Amino acid sequence: MRDAADRLRYLDQVVDLLFPGHDSCPGARSVLPHRLVPRRVVPRTWWHAALGRGLPVHAGTDTIETHLSDVLGRRVRVVVHVRPARRANRKPILEAYDESGLVGFVKIGDSPRARRLVRYESEVLRMLAGRPLKVVMPPDVLYHGEWRGLEVLMLSPLPVTSRRVGSRRVPARLLGSAVQEIAAIRPYGEEWAGDRHGEAAWHGDFTPWNVDLGADGRLLVWDWERFAVGVPLGFDALHHFFHRALRRMPPAVAARSCLAQAGGLLEPFGVEVALARRTAVHYLVALAERHRRDGHEPLGPPADWLNPLVDHEECLL
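All of the points below concern the structure found in this document. All values derive from a computational prediction rather than experimental measurement.

What follows is about the nonpolar core. Counting residues in hydrophobic clusters, the biggest one holds 56 residues, and the most contacted among them are Phe206, Leu219, Trp224, Phe242 and Tyr283. By residue number, the principal contributor to this core is helix α8 (residues 273-294), which donates seven residues.

Below, the discussion takes up the packing of aromatic side chains. Evaluated as defined, the whole model comprises six aromatic pairs. Measuring from centroid to centroid gives 6.3 Å for Trp224 and Phe227, while their planes differ by 50°, and the two rings are tilted. Phe227 matches Trp224 in its accessibility class, with the two residues each being buried. Taken together, the ring pairs in this structure connect Trp202, Phe235, Phe242, Tyr283 and Trp305 into an aromatic cluster. Over the ring of Trp147 we find Arg148, and its NZ or CZ is 5.8 Å from the ring centre.

Among the nine residues in strand β6 (residues 101-109), seven count as buried, and that is most of the element. For strand β5 (residues 93-98) and β6, the ladder comprises six bridges, and the chain directions are antiparallel. Paired with Asp98 across the two strands is Gly101, which belongs to β6. Hairpin geometry of β5 and β6 is characterised by an intervening segment of two residues between the two adjacent antiparallel strands. The sheet contact formed by β6 and strand β9 (residues 150-155) spans five bridges and is antiparallel. Note that in β9 the partner of Lys107 across the bridge is Leu153.

Residue placement: Ser156 occurs in the loop between β9 and α4 (172-183). Exposure remark for Ser156: the relative accessible area of 13% places this residue in the buried category. Within the structure, the side chain of Ser156 is placed 2.9 Å from the backbone nitrogen of Asp140, a separation counted as a polar contact. In contact with Ser156, not counting residues within four places along its chain, are Pro139, Asp140 and Leu142.

In space, the three strands of this open sheet follow the order β7-β12-β11, with mixed pairing throughout. Looking at the sheet topology across the chains shown, the edges are occupied by β7 (136-137) and β11 (211-213). Pairing of β7 with strand β12 (residues 219-221), which is carried by two bridges, proceeds in the parallel orientation. Bridge assignment links Val136 to a residue of β12, and that residue is Leu219.

Let us look at helix α5 (residues 235-245). The buried fraction of α5 amounts to ten of the eleven residues, a majority that puts the element mostly inside the structure. Among the residues making up α5, those that are buried are Phe235, Asp236, Ala237, Leu238, His239, His240, Phe241, Phe242, His243 and Ala245.

Another aspect to go through is the packing of α5 against α8. Two numbers describe how α5 lies on α8: the axes approach to 10 Å, and their chain directions differ by 70°. Relative to α8, the element α5 lies roughly perpendicular. Contact residues: Phe235, Leu238, His239, Phe242 and His243 in α5; Thr279, Ala280, His282, Tyr283, Leu284, Ala286, Leu287 and Arg290 in α8. Of the residues contributing to the contact of α5 with α8, the split by class is eight nonpolar, four polar and one charged.

What follows is about the environment of Pro159. Inspection of the secondary structure puts Pro159 in the loop between β9 and α4. The spatial distance from the C-alpha of Pro159 to the C-alpha of Ala215 is 7.3 Å, given a sequence separation of 56 residues.

Now for helix α6 (residues 251-260). Every buried residue belonging to α6 is among Ala254, Ala255, Ser257, Cys258 and Leu259, and all of these are buried. Where the residues of α6 are buried, they touch α5, α7 (262-266), α8, α9 (302-305) and α10 (307-311).

A few words now on the pattern of salt bridges. By the definition in use, this model includes 13 salt bridges. One salt bridge connects Asp294 with Arg226, and the closest N-O pair in it is separated by 2.8 Å. Of this pair, Asp294 sits in helix α8 while Arg226 is found in the loop between β12 and β13 (228-231), placing the two residues 68 residues apart along the sequence. Note on Asp294: relative accessible area 13%, which makes it buried. Salt bridges sharing partners connect three or more residues here, namely Lys91, Lys107, Glu121, Asp223 and Glu225.

Cut-offs used in this document
Residues numbered from 1 in each chain as written. Predicted model: local features only at pLDDT ≥ 70, side-chain atom pairs only at ≥ 80, totals over all residues. Heavy atoms only, no water. Core = buried A, V, L, I, M, F, W, Y, C linked by side-chain atoms within 4.5 Å. Buried < 20%, exposed > 50% of the residue type's maximum accessible area, 1.4 Å probe, protein only. Helix = DSSP H or I, 4+ residues; strand = E, 2+ residues; numbered from the N terminus. Phe/Tyr/Trp six-rings, centres within 6.5 Å; stacked < 30°, edge-to-face > 60°. Lys NZ or Arg CZ within 6 Å of the ring centre and 35° of its normal. Pairing = 2+ DSSP bridges. Polar contact = N/O pair within 3.5 Å; in protein donor to acceptor, adjacent residues only side chain to side chain. Contact = heavy atoms within 4.5 Å. Axes fitted to C-alpha atoms, helices over the stretch in contact; angles between N-to-C directions. Parallel < 35°, antiparallel > 145°, perpendicular 65-115°, else oblique. Nonpolar A, V, L, I, M, F, W, Y, C, P; charged D, E, K, R; others polar. Salt bridge = Lys/Arg side-chain N within 4 Å of Asp/Glu carboxyl O.

Here you go:
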């Protein structure tokens, strides 16, 4: 119930941001699946009457819809998604539609941290657009700009073949090839030595829900806002394994499993067992440090899930 109440409050804030002045206008949107468990705000249709009263939304000349319509040169309607969790990087995500159907996904930077992440992702994706990627398919930037002090990033839809992204197991070989290709990315064009510890790039949030198998055999990859260079090879593989493990076990157990499986996970990249274990410890410490910087600890205090592991592996640090 507390999470539902949080989403309801956040929904009100998002509607105020994207449709300023909405209280003075008639209802034009519906909250699905139900207003008590808000997940998305959609254009209202006749059958939504069964869900209750409509949500009052401003239909004037200065809304996110009019802004996107102006920059795209055609009328756009949006569906607003409300993230279900209290995440440090939570932000409104919109689906943008025109008469032909879905035209893009829109990220709204509505806080200082979210604005920085949205702006950085735009830079990363523009950099990737100039790279001859063969395994990984990131979205294209359709528009990036500011509106009413908010950072607005519109991305192209990727050709998903499943209804639920991340619901299917991606073949291990494809994941490995994607990790290797991402590791070799260099934003400024310098060559990657490939054999020196700490020189690889990583996606930064290579989780099951941020990747999917494309129809042409490539890996569709979203959410590049944490991309970075200068980490040990294999961070993405460890991140993917760790977050899969978190779906079925507590953080402390998942962390131990990540360390125990590190040798096998990083063997395809030519990383020897001792170095793989050290890389796993460095990855887990880096993840805890990210959470500390974000001021959000979704796994709980590191003293509970990380310190007991690291204390026994001090020789690896």
